[in-house]
Amino acid sequence: MHALASGPAYGTVVAATFVIGLWVGSNVSPRDPAKSGKPHGQPVEAAANGTEATDPSRDVGDDESDSEAEGEGSGDLSSLKIDPTEECTMVLVIRDDLGMTPGKIAAQCSHAVLACYQSMLSSNVPLLRRWESLGQPKLIRRCRNADLLLALQSLAQILNLCTRSIKDAGRTQIEAGSRTVLGIVGPVDLVRRVTGTLRPL
């Protein structure tokens, strides 16, 4: 081993290095991203090229859509009585004839789920709580066109089920005002009367 590693000079070098490092660390502050002209969190390459880095959370795809829900009609959701032991489910009925992409279908189904949730929250909390307690079960079914979707909605309303249909704003793939999805929530035996013959998606 070198003599420096074991003699008093070694300790002096280590101590001096420590003191210099401590002084540099306490007197030289890191560059402030706001003052450096480089946006915080932006890759160095992008800043050097004067380009903005892509933020995935800000991506706006073709499947972004605004929609409105319609639906209680002649039904009386508040009159639907729920047995605490009764099985409940939600069925989302998708129109086949619109040719929606998977992303569009997901967005429209999300609108329908939220619309049904809000409807139950305002008109039949026992149904909402029972559905939640079962893990919010959902089934996806398909129908051939708008006429059948409206017929299913009318039948669900007659049975006083929670039912909400979604009308698209027409900003992406389909014509404005098109009904895309029908959401139905209620006791399994009643929901099956409406959707029992429909095919799964």
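Each chain has its residues counted from 1, following the order in which its sequence is written. Selection of residues for local features in this predicted model requires a pLDDT of at least 70, selection of side-chain atom pairs for listing and counting requires 80 or more, and totals for whole chains, interfaces and linings are taken over all residues. The side-chain values count all of the structure's non-hydrogen atoms but skip hydrogen atoms and water molecules.

Undergrad: Any chance you could explain the nonpolar core here in plain terms?
TA: Side chains of nonpolar character tend, in soluble globular proteins, to be buried together. Here the nonpolar core consists of buried residues drawn from Ala, Val, Leu, Ile, Met, Phe, Trp, Tyr and Cys, with membership extended through side-chain atoms lying within 4.5 Å. Type-normalised accessible area, obtained with a 1.4 Å probe on protein chains alone, sets the label of each residue: buried when under 20%, exposed when over 50%, and partly exposed for intermediate values. By size, the foremost hydrophobic cluster in this structure holds 36 residues, and its most contacted members are M120, L127 and L161. The helix and strand labels rest on DSSP assignments: H or I over at least four residues marks a helix, E over at least two residues marks a strand, and numbering proceeds from the N terminus. If you list the elements that add at least two residues to this core, you get β2 (88-95), α4 (102-123), α5 (125-133), α6 (146-158), β4 (162-168), β5 (179-187) and α7 (188-195). The criterion used for residue contact is that any of the two residues' heavy atoms lie within 4.5 Å. Residues contacting L127, with those up to four places away along its chain left out, are L77, L80, I82, C88, M120, C162, V185 and G186.

Undergrad: I would appreciate a short explanation of the pattern of salt bridges in the present structure.
TA: Note on definitions: salt bridges are taken to be side-chain nitrogens of Lys or Arg within 4 Å of carboxyl oxygens of Asp or Glu. If you walk through the whole model with that rule in mind, you get 5 salt bridges. In this structure, R142 and D96 form a salt bridge, with 3.7 Å as the shortest nitrogen-oxygen distance. Here R142, found in strand β3 (residues 138-143), pairs with D96, found in the loop between β2 and α4; they are 46 residues apart in sequence, far enough to count as distant. When salt bridges with common partners are traced through the structure, they connect D96, R142 and R199 into a single cluster.

Undergrad: I tried to follow α5 on my own but got confused; where do I start?
TA: Think of an α-helix as 3.6 residues a turn; residues three or four steps apart then line up on the same face. Burial in α5 covers these residues: L127, L128, R130 and W131. End-on view of α5: buried residues confined to an arc of 165°, all on one side of the axis. α5 presents P126 and S133 as exposed residues on the side facing more than 90 degrees away from its buried surface. The elements touched by buried residues of α5 are β2, α4, β3, β4 and β5. Here a polar contact is recorded for every N or O atom pair within 3.5 Å, except that within protein the pair must consist of a potential hydrogen donor and a potential acceptor, and residues adjacent in sequence are included only if both atoms are side-chain atoms. With a side-chain oxygen positioned 3.0 Å from the backbone nitrogen of L127, the residue opening α5 is N124. Residue G135 follows α5 closely and has a positive phi angle near 95°. By arc we mean the arc of the directions from the helix axis to the C-beta atoms, nothing more.

Undergrad: Would you take a moment to explain the pairing of β5 for this structure?
TA: The two faces of a sheet get side chains in turn, since along a regular strand they alternate between them. The buried fraction of β5 amounts to 9 of the 9 residues, a majority that puts the element mostly inside the structure. Only strands joined by at least two bridges in the DSSP assignment are considered to pair. With 7 bridges joining them, β2 and β5 adopt antiparallel strand pairing. Each residue of the ladder has a partner; that of M90, found in β5, is V185. Alignment of β4 against β5, held across 6 bridges, turns out to be antiparallel. Residue pairing in the sheet places T163 in a bridge with I184 of β5.

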